[in-house]
Amino acid sequence: MATKEEIVKSVPQTGFFGHPKGLFSLFFTEFWERFSYYGMKAILIYFMYDTVQKGGLGLDKTTATSIMAIYGSLVYMSGIIGAWIADRILGTRRTIFWGGILIMIGHICLAVPGGLPFLFTSMVFIIIGTGLLKPNVSSVVGDIYPDGDNRRDAGFNIFYMGINAGAFISPLVVGAVKENYNYHAGFGIAAIGMAIGLFMFTLNQKQKLGLAGVEPKNPLNAKERSSILKKLIVAVIVVAVLVLIAAMSGNLSIDGAVNFFTVIGLLAPISVFIWMFSSKKTKKEEKSHLLAYIPLFITGTMFWIIQEQGSTILATYVAQRTDLTVGSFKIPPSWFQSLNPLFIITMAPIFAWIWVKLGNRQPSTPIKFSFSLLFAGLSFLIMIIPAISSGGKELISPLWIVLSFFLVVVGELLMSPVGLSATTKLAPAAFAAQTMSLWFLASTAAQALNAQFAKLFAEISEVQYFGYLGGASIVLFFIMLLLSPWISKKMGTLK
């Protein structure tokens with residue numbers, strides 16, 4: 001099995017904006033995967049609660065919002081499975097490829113009019129496929145840089161631009177197709193995007209990635225394979241029995257499923273952390289790194305609680321409470337989903353330049369994380385102003401939505417690409433890809449909680465809702481500042 005040093009030596013170290021050539025392949029693979037995912041996501045909530053006469057499914061808005069949150073939670077939770085398969089069975093490269101295949105099938109299911117059964121079928125394919133693909137693409141980005149390479153944070157910023165370039169274009173394209181044709185045509189465009197991503201990855205991987213991700217880093221032996229197969233069979237039987245019991249008792253409902261997966265979404269990261277920390281394969285120094293990771297993870301969860309509501313609570317808020325008319329033209333609500341990636345694309349190069357320019361003088365990872373919470377909190381607190389001035393009834397200016405998205409993006413650039421980079425640094429050697437999946441579980445936990453917050457939004461005032469969550473983020477900001485020295489000490493030299 002190739003070591004990381006051998007992998008790095010096999011990959012050219014410059015060639016894509018001064019970074020390894022492999023970054024080119026990974027950049028465009030993730031560009032098209034995110035195009036497909038965010039294009040679908042931009043219109044999905046409207047598809048679920050729009051009337052049947054307009055091509056929707058006719059669900060109530062609170063239920064649709066909760067489903068969207070749980071869907072997002074499960075998408076990131078599935079990264080545990082994808083990372084494990086990459087580490088133990090297929091290697092990251094093959095895992096990425098098969099993940100793309102499943103995602104494409106999922107989008108094709110949405111492109112076919114089939115009601116709720118086709119919706120849930122597509123979700124299963126996309127959840128599993130994204131779990132196979134997303135954490136492993138990020139993991140390979142870390143693999144193409146040698147240890148101690150100060151280009152790593154900047155490289156992740158460039159990679160992050162690829163993610164957001166796809167996410168910026170897709171709501172505009174898919175949203176326009178939906179407005180001019182129908183929802184299913186929009187979902188079909190998302191399927192085409194994933195197909196292009198697969199083609200780009202297959203075409204470039206051998207030439208530009210060298211040996212990175214070819215072999216699993218911790219492959220299963222014969223005894224482990226037999227044990228895993230037996231446990232999988234037992235798990236399938238247990239799940240089938242639980243579903244049958246729920247159906248026979250009349251408890252098999254959408255609301256029941258939302259509550260169940262909320263609990264799972266919170267337990268998953270706790271279980272994965274305990275599993276890695278208690279493993280004999282995790283060295284003493286790596287345990288210290290994992291302890292430093294706990295407050296970073298909590299910070300990420302709080303941040304994503306607010307950021308992810310851009311496609312749920314704020315998406316419905318845009319459609320219902322925002323003045324979308326510009327002369328005779330009405331702005332499609334889905335287009336607002338392009339604001340977040342647009343701001344990231346324009347500002348990510350600035351942040352990347354700042355980190356490279358500062359070099360060893362740049363703020364530590366904990367400090368960057370801390371200030372991400374400040375901006376996330378402000379992005380919600382600012383929404384109190386139009387909520388009060390409009391009396392909760394009149395349509396508000398879309399500029400408030402733009403400002404809210406801008407503030408949360410500043411926080412995202414302080415936290416998200418830095419979080420990806422920190423995860424590859426702090427990961428125990430035996431759990432490289434699985435630690436990356438733990439980072440994505442911050443979004444899992446956040447969106448699991450958002451499924452419940454969707455119900456809260458329907459019960460309290462806008463001022464209370466934005467005030468409570470925004471205020472909680474600001475409080476955690478100050479706590480993180482106080483904890484930063486301890487976190488840096490636990491991180492050791494990996495700051």
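Since the model is a prediction, treat every value here as computed from it, not as a measurement.

Caption draft 1: Region of interest: the environment of Ser-122. For Ser-122, the position within the fold is in helix 6 (residues 115-143). Here Ser-122 falls in the buried class, since its relative accessible area comes to 0%. Residues contacting Ser-122, with those up to four places away along its chain left out, are Gly-106, Cys-109 and Leu-110.

Caption draft 2: Structural detail: the pattern of salt bridges. Enumeration according to the criterion identifies six salt bridges in this entry. Between Glu-30 and Lys-134 there is a salt bridge whose closest N-O contact spans 3.1 Å. Linking Glu-30 in helix 2 (residues 22-49) with Lys-134 in helix 6, this pair joins segments that are 104 residues apart in sequence. Take Glu-30 and Lys-134: they sit in the same class, and that class is buried. Close ionic contact of Lys-455 with Asp-255 constitutes a salt bridge, the shortest N to O distance being 3.0 Å. Of the two residues, Lys-455 sits in helix 17 (residues 432-457) while Asp-255 sits in helix 10 (residues 254-278), which places them 200 residues apart along the sequence. Its relative accessible area of 43% is what places Asp-255 among the partly exposed residues.

Caption draft 3: Main features of the environment of Ile-144. In this structure, Ile-144 sits in the loop between helix 6 and helix 7 (152-180). For Ile-144, a relative accessible area of 0% corresponds to the buried category. Sequence separation between Ile-144 and Gly-58 is 86 residues; the distance between their C-alpha atoms is 47 Å.

Caption draft 4: Here's a closer look at the packing of helix 14 (residues 365-381) against helix 16 (residues 398-426). The interhelical angle for the contact between helix 14 and helix 16, taken along N-to-C directions, is 155°, at an axis separation of 8 Å. In terms of orientation, helix 14 lies roughly antiparallel with respect to helix 16. Crossing hand, helix 14 versus helix 16: left-handed. Of helix 16, the residues touching helix 14 (which contributes Thr-365, Lys-368, Phe-369, Phe-371, Ser-372, Phe-375, Ala-376, Leu-378 and Ser-379) are Ser-404, Leu-407, Val-408, Val-410, Gly-411, Leu-414, Met-415, Val-418, Gly-419 and Ala-422. Of the residues belonging to the contact of helix 14 with helix 16, the class tally is twelve nonpolar, six polar and one charged.

Caption draft 5: Local environment of the packing of aromatic side chains. This structure, assessed with the given rule, holds 24 aromatic pairs. Put simply, the rings of Phe-27, Phe-28, Phe-31, Trp-32 and Phe-35 touch in pairs and so form one group of aromatic residues. The cationic tip of Lys-287 hangs over the ring face of Phe-277; the distance from NZ or CZ to the ring centre is 4.7 Å. Cation over ring: Lys-368 sits above Trp-355, and NZ or CZ is 3.9 Å from the ring centre.

Caption draft 6: Focus on helix 9 (residues 222-248). Taking 1.5 Å per residue, 27 residues should reach 39 Å; helix 9 reaches 40 Å between its end C-alpha atoms and fits that length. A positive phi of about 80° marks Gly-250, the residue just after helix 9.

Caption draft 7: Highlighting helix 13 (residues 339-358). The first and last C-alpha atoms of helix 13 sit 28 Å apart over 20 residues, in line with the 28 Å expected at 1.5 Å per residue. Of all bends in helix 13, the biggest is about 40°, found at Met-347, and the proline Pro-349 comes one to four residues later. Buried within helix 13 we find Leu-339, Asn-340, Pro-341, Phe-343, Ile-344, Met-347, Ala-348, Phe-351, Ala-352 and Trp-355. Backbone geometry just after helix 13 places Gly-359 at a positive phi near 55°.

About the criteria used
- Residue positions within a chain follow its written sequence, with the count starting from 1.
- Given that the model is predicted, a residue must reach a pLDDT of at least 70 before its local features are reported, and side-chain atom pairs must reach 80 or more before they are shown or counted; all residues, however, enter totals for whole chains, interfaces and linings.
- Excluded from the side-chain calculation are hydrogens and water; included are all heavy atoms of the structure.
- Going along the chain from the N terminus, every DSSP run of H or I of four or more residues is numbered as a helix, and every run of E of two or more is numbered as a strand.
- Note on exposure labels: buried denotes an accessible area under 20% of the residue type's maximum, exposed denotes more than 50%, and partly exposed covers the range between, all computed with a 1.4 Å probe on protein chains only.
- Here, two residues are considered to be in contact whenever any of their heavy atoms come within 4.5 Å of each other.
- For this document, the term salt bridge refers to a Lys or Arg side-chain nitrogen within 4 Å of an Asp or Glu carboxyl oxygen.
- Axes here mean lines fitted to C-alpha atoms, for a helix over just the part in contact, with angles spanning 0 to 180 degrees between N-to-C directions.
- Any angle from 65 to 115 degrees is called roughly perpendicular, while one under 35 is roughly parallel, one over 145 is roughly antiparallel, and all others are oblique.
- Less than a right angle of anticlockwise turn of the near helix away from the far helix marks a crossing as left-handed, whereas a clockwise turn marks it as right-handed.
- Ten residues, namely Ala, Val, Leu, Ile, Met, Phe, Trp, Tyr, Cys and Pro, are considered nonpolar, four, namely Asp, Glu, Lys and Arg, are considered charged, and the remaining ones, Gly among them, are considered polar.
- Each Phe, Tyr or Trp ring (for Trp, its six-membered ring) is paired with any other whose centre lies within 6.5 Å, and the angle between the two planes then decides the class: stacked below 30 degrees, edge-to-face above 60, tilted in between.
- Definition used: whenever NZ (Lys) or CZ (Arg) falls within 6 Å of the ring centre and also within 35 degrees of the ring normal, the charge is taken to sit over that ring.
- To estimate how far a helix should reach, multiply one less than its number of residues by 1.5 Å.
- Values of bend correspond, residue by residue, to the angle between axes fitted over the seven residues ending at that residue and the seven starting there.

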